[in-house]
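Structural description and commentary
The residues making up each chain are set out below.
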Amino acid sequence: MACGGTEQFRGEDRILGMPMRYGMGCVRAMTGPGWSATLVTNDCISERISVGGTVGDILGTRYLGAARLAVTAMGLGCMALSGLYGTPEESGSLRLLDRALELGCTFLDTSDAYGPFTNEKLLGRALAGRRDKVVLATKFGNVRRPDGSFLRVSGDPAYVPQACDASLQRLGVDYIDLYYLHRVDQQVPIEDTVGAMAELVTAGKVGHLALSEAAPETIRRAHAVYPITALQTEYSVWSREPEAEILPVVRELGIGFVAYAPVGRGFLAGRFSDPAELGATDIRRQHPRFQAGNLQSNAAVAARLRAIAEAREITPAQLALAWLLAQGDDIVPIPGTASIEHLEQNVASASVRLTATELASIADAFPPGVAAGDRYADMSLLNR
């Protein structure tokens, strides 16, 4: 029997919504009542799971920054739970957050701009009585009107403590584990903004500092004022721009990398093929990559990913996430979803191991610049 296991499986067995079709594998141990099992694929990689229940070691732990902030190897981007990708019901969002914690996905990422404000309030309700179970990240500086429309970017040192206190109140917590400057304010020296953020650490309101969509030189200047624990930027098989300059800089400085939109805002997963399928308020309608001729070109890119995933008998989202996890232990993707099924599939992707040959094949199939169109309609707010 392969791998010295006690029971073999084949074909359509499913673990957390992921078809386990890697040829022949084995189950080394099974116990009730939740059918806890240690699984070994044909690659002899084991992960302790609980079918339909909790995940033990499937996600594992990664560490951000020199301070080694311990987080799950994959987090949950919470933006989709507050209407920017449609209008999910709050009860469904709360159930999804419950399931994420059951699965051991405890690195939660939000922002005061999501909603705006409603996403933090949602997390506050979800985390009541279990704050110590999660690593909580939020952001400030991307200022929006109550209707969600963009107002301005603010890194004003006087605004920093005001924004933090408001987030603490909405979240119903007394500290934030990882506090991001959501966008860099060109009108304010980054040293001034980070200096004000550092005062939040001294005050015990924030554990670690982070930046989002910052340019290499900005990262260096910020890190010289106070250690930056993480840099968050879009990164996926079709958004590989960080590899040129951002990743080398953060690795040189010992800063962790948090990858948002790791499945191309759902597009690479095949969850929509035309903006007309999206709700009227879905912000993806505004993104150049999903418009006119760009969409046609990018559909071919997504089809390429699906073909590779089908050959491996996993979903395209799982392939995209497995590829990203393999780019380095300092990288933590935070896929977002409003679907429990997709959440479970995303978590299960942490057990997918790609060979060096497969990784090279994917890299060749999706070279930097493969996507048609900019990531945002207004790119002036990024990498400043």
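Throughout what follows, the structure given in this document is the object of discussion. (Residues numbered from 1 in each chain as written. Predicted model: local features only at pLDDT ≥ 70, side-chain atom pairs only at ≥ 80, totals over all residues. Heavy atoms only, no water.)

1. Regarding the packing of aromatic side chains
To keep things clear, this is the line we draw: Here a Phe, Tyr or Trp ring, Trp counted by its six-membered ring, pairs with any other such ring whose centre lies within 6.5 Å, and the pair is stacked when the planes are under 30 degrees apart, edge-to-face when over 60, and tilted otherwise. A helix here means a DSSP run of H or I that spans at least four residues, while a strand means a run of E at least two residues long, and both kinds are numbered starting from the N terminus. The buried label goes to any residue with under 20% of its type's maximum accessible area, the exposed label to any with over 50%, and the partly exposed label to all in between, with areas taken from a 1.4 Å probe on protein chains only. As a reminder, the over-ring test applies to NZ of lysine and CZ of arginine, requiring each to be within 6 Å of the ring centre and within 35 degrees of the ring normal.
In total, this model carries seven aromatic pairs according to the counting rule given. On the basis of an interplanar angle of 50° and a centroid distance of 6.4 Å, the ring pair of Phe140 and Tyr159 is categorised as tilted. Highlighted residues: Phe140 in strand β11 (residues 135-140) and Tyr159 in helix α3 (residues 159-171), separated in sequence by 19 residues. Tyr159 matches Phe140 in its accessibility class, with the two residues each being buried. Arranged with centres 5.8 Å apart and planes meeting at 70°, the rings of Tyr235 and Trp323 form a pair that is edge-to-face. With Tyr235 in the loop between β16 (228-234) and α6 (246-253) and Trp323 in helix α8 (residues 316-325), the pair connects residues that are 88 residues apart, well separated along the chain. Of the residues examined, Tyr235 reaches a relative accessible area of 1% and is grouped as buried. Taken together through their ring pairs, the aromatic side chains of Phe140, Tyr159 and Tyr179 make up a single cluster. For Lys139, the ring lying beneath its charged end belongs to Tyr180, and the centroid distance is 5.6 Å. One Lys or Arg, Arg289, reaches over the ring of Trp238 and ends 5.0 Å from the middle of that ring.

2. Topic: the sheet that holds strand β17 (residues 256-260)
To be explicit about the condition: Here a strand pair is declared whenever DSSP counts at least two bridges between the two strands. Two residues form a contact once any of their heavy atoms are found within 4.5 Å. In this analysis an axis means a line fitted to C-alpha atoms, helices contributing only their contacting stretch, and an angle means the value between N-to-C directions, from 0 to 180 degrees.
If you trace the eight strands from one edge of the open sheet to the other, you get β9-β10-β11-β14-β15-β16-β17-β18, paired in parallel fashion. Looking at strand neighbours, the two that pair on one side only are β9 (76-77) and β18 (331-333), the edges of this open sheet. Bridge count between strand β14 (residues 176-181) and strand β15 (residues 206-212): five bridges; the pairing is parallel. The residue of β15 that forms the bridge with Ile176 is Val206. Set on the sheet, α3 makes contact with β11, β14 and β15; between it and β14 the angle comes to about 135°.

3. Focus: the side chain of Asp330
As a reminder of what qualifies: Polar contact criterion, stated in full: a pair of N or O atoms within 3.5 Å, where within protein one must be able to donate a hydrogen and the other to accept it, and residues adjacent in sequence count only if both atoms are side-chain atoms.
Inspection of the secondary structure puts Asp330 in the loop between α8 and β18. Within polar-contact distance, the side chain of Asp330 engages the side chain of Arg251 at 2.7 Å.

4. Some remarks on α8
Of all ten residues in α8, ten are buried, a share of seventy percent or more. Burial in α8 covers these residues: Pro316, Ala317, Gln318, Leu319, Ala320, Leu321, Ala322, Trp323, Leu324 and Leu325.

5. Points about the nonpolar core
Worth spelling out the cut-off: What is meant by a nonpolar core is a set of buried Ala, Val, Leu, Ile, Met, Phe, Trp, Tyr and Cys residues, joined one to another through side-chain atoms within 4.5 Å.
Grouped together as the largest cluster of nonpolar side chains are 89 residues, with contacts concentrated most on Leu76, Leu108, Leu211, Ile219, Leu231 and Phe257. Looking at this core, the element that brings in the most residues is α8, giving eight residues. Formed by 17 residues, the second largest nonpolar core is a distinct cluster that contains Val71, Ala137, Val258 and Ala261.

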